[in-house]
Amino acid sequence: MIEVQHLTKRYRGGTAVDDLSFAVEPGRVTGFLGPNGAGKSTTIRLILGLDRPSAGSAVVNGRPYTSLERPLTAVGALLDAGDLHPTRSVREHLRWLARTNGIGERRVGEVLEATGMAGAARKRAKTLSLGMKQRLGVAAALLGDPGVLILDEPVNGLDPEGVVWIRHLMKGLAAEGRTVLVSSHLMSEMALTAEHLVVIGRGRLLADTSTEDFIAAHAGADGGGASLEEAFMRLTGASVEFRSGGAR
Ligand SMILES: Nc1ncnc2c1ncn2[C@@H]1O[C@H](COP(=O)(O)OP(=O)(O)OP(=O)(O)O)[C@@H](O)[C@H]1O
């Protein structure tokens, strides 16, 4: 379980996360949505102890991430899939992570199989496609068999087979009773994957509800046939900071 309470992060230029409170429950996939610049990545960085909050707190299983003894066995995270040592191979990267977290060698083989990366185990990081880097990032997140998974834009760069694979993977992890928080801009994919949504805009909480209720609550005047994309755009319209010319 992830609990965020009155979380605030101010930068010189403004406030990225503004008095944000929500909880991510185990046993379901929670989609973390918001327009560009809404504060999703900053919130995730604060949960993972990669940044310090200006105020408020974020805890995983009741404890700040930085106080977890073997963090990879509690929380698996995919942030920037490109953040790899360029000349290290796929297997070496996972071995290094396993070694530094007290995780046995056998688990490396298991996550390579689980992510479809076994055939690419000897490839160097710099030669991987974006989709393969994403798969390696997911493999690293799964390495410690954690009860909590945080995935920032995991669908980026995946081919259609990969999109279906990650969808089933996330649902399967949630069905095992794990806590799964996933950020994405792909509303059609989120509609298929996330049972619950936390939606933010300009660093503030806009909605914390089931996907079904979210769509129903923000349906158009006629009420029928609304998609998650339409509901999202209706709710976040006022929070969008970057709008392309000609867009409504
Ligand atoms: N290190 C930083 N210094 C200053 N401002 C920052 C920093 N990191 C993020 N911000 C600002 O905080 C706000 C939130 O950014 P963040 O990356 O968290 O949004 P996001 O919801 O993840 O956006 P996107 O969907 O585009 O990835 C933005 O206005 C961004 O410019």
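A quick note: this is a predicted structure, and the numbers were derived from the prediction, not measured. (Residues numbered from 1 in each chain as written. Predicted model: local features only at pLDDT ≥ 70, side-chain atom pairs only at ≥ 80, totals over all residues. Heavy atoms only, no water.)

### Points about the layout of surface pockets
No. 1: Reported here for the second largest pocket is a volume of approximately 530 Å³.
No. 2: As for the second largest pocket, its lining consists of 21 residues, and the residues nearest its centre are A77, L78, L79, L97 and A140.
No. 3: Those elements that place two or more of their residues in the lining of the second largest pocket are β5 (75-78), α3 (90-100) and α5 (130-142).
No. 4: Here the lining of the second largest pocket is built from residues that sort into 15 nonpolar, 3 polar and 3 charged. (1 Å grid on protein atoms, 1.4 Å probe; cavity = no way out; pocket = protein on both sides within 12 Å on 5 of 7 lines; lining within 4 Å. Points joined across faces, edges and corners; volume = space filled by probe spheres on them. Helix = DSSP H or I, 4+ residues; strand = E, 2+ residues; numbered from the N terminus. Nonpolar A, V, L, I, M, F, W, Y, C, P; charged D, E, K, R; others polar.)

### Observations concerning the sheet that holds strand β2 (residues 14-24)
No. 1: Sheet architecture is open: 3 strands sit in the order β2-β1-β4, paired in antiparallel fashion. The two strands at the open ends of the sheet, each matched to only one other strand, are β2 and β4 (55-60). In this sheet, neighbouring strand axes are inclined to one another by 20 degrees on average, regardless of whether the strands run parallel or antiparallel.
No. 2: Both strand β1 (residues 2-11) and β2 contribute to a ladder of 7 bridges, which runs antiparallel. If you follow L7 over to β2, its bridge partner there is L20.
No. 3: Contacts from helix α1 (residues 40-47) reach β1, β2 and β4 within the one sheet, and its direction differs from that of β1 by about 115 degrees. (Pairing = 2+ DSSP bridges. Axes fitted to C-alpha atoms, helices over the stretch in contact; angles between N-to-C directions. Contact = heavy atoms within 4.5 Å.)

### Some remarks on helix α9 (residues 228-236)
No. 1: Among the residues of α9, those classed as buried are L228, A231, F232 and T236. Seen along its axis, α9 keeps its buried residues to an arc of 110 degrees; they face one direction.
No. 2: Buried residues in α9 make contact with β3 (28-33), α7 (187-193), β8 (196-201), β9 (204-210) and α8 (211-217). (Buried < 20%, exposed > 50% of the residue type's maximum accessible area, 1.4 Å probe, protein only. Arc of directions from axis to C-beta.)

### Description of the domain arrangement of the protein
No. 1: If you check the domain split of the protein, you get domain 1 (1-43 + 60-67 + 146-241) and domain 2 (82-145).
No. 2: Computed from C-alpha atoms alone, the centre-to-centre distance between domain 1 and domain 2 is 26 Å.
No. 3: The partner domain 2 presents 11 residues to the 18 residues of domain 1 that form the contact.
No. 4: There are 2 salt bridges connecting domain 1 and domain 2.
No. 5: One salt bridge connects D145 with R178, and the closest N-O pair in it is separated by 2.9 Å. (Domains from an automatic or database assignment. Salt bridge = Lys/Arg side-chain N within 4 Å of Asp/Glu carboxyl O.)

### Some words on the environment of L72
No. 1: Tracing the backbone through its elements, the reader meets L72 in helix α2 (residues 71-74).
No. 2: Taking the C-alpha atoms as reference points, L72 and T43, 29 residues apart in sequence, are found 19 Å from one another.
No. 3: Those residues in contact with L72 that lie beyond four places of it in its chain are L97, N101, I103, L143, G144 and P146.

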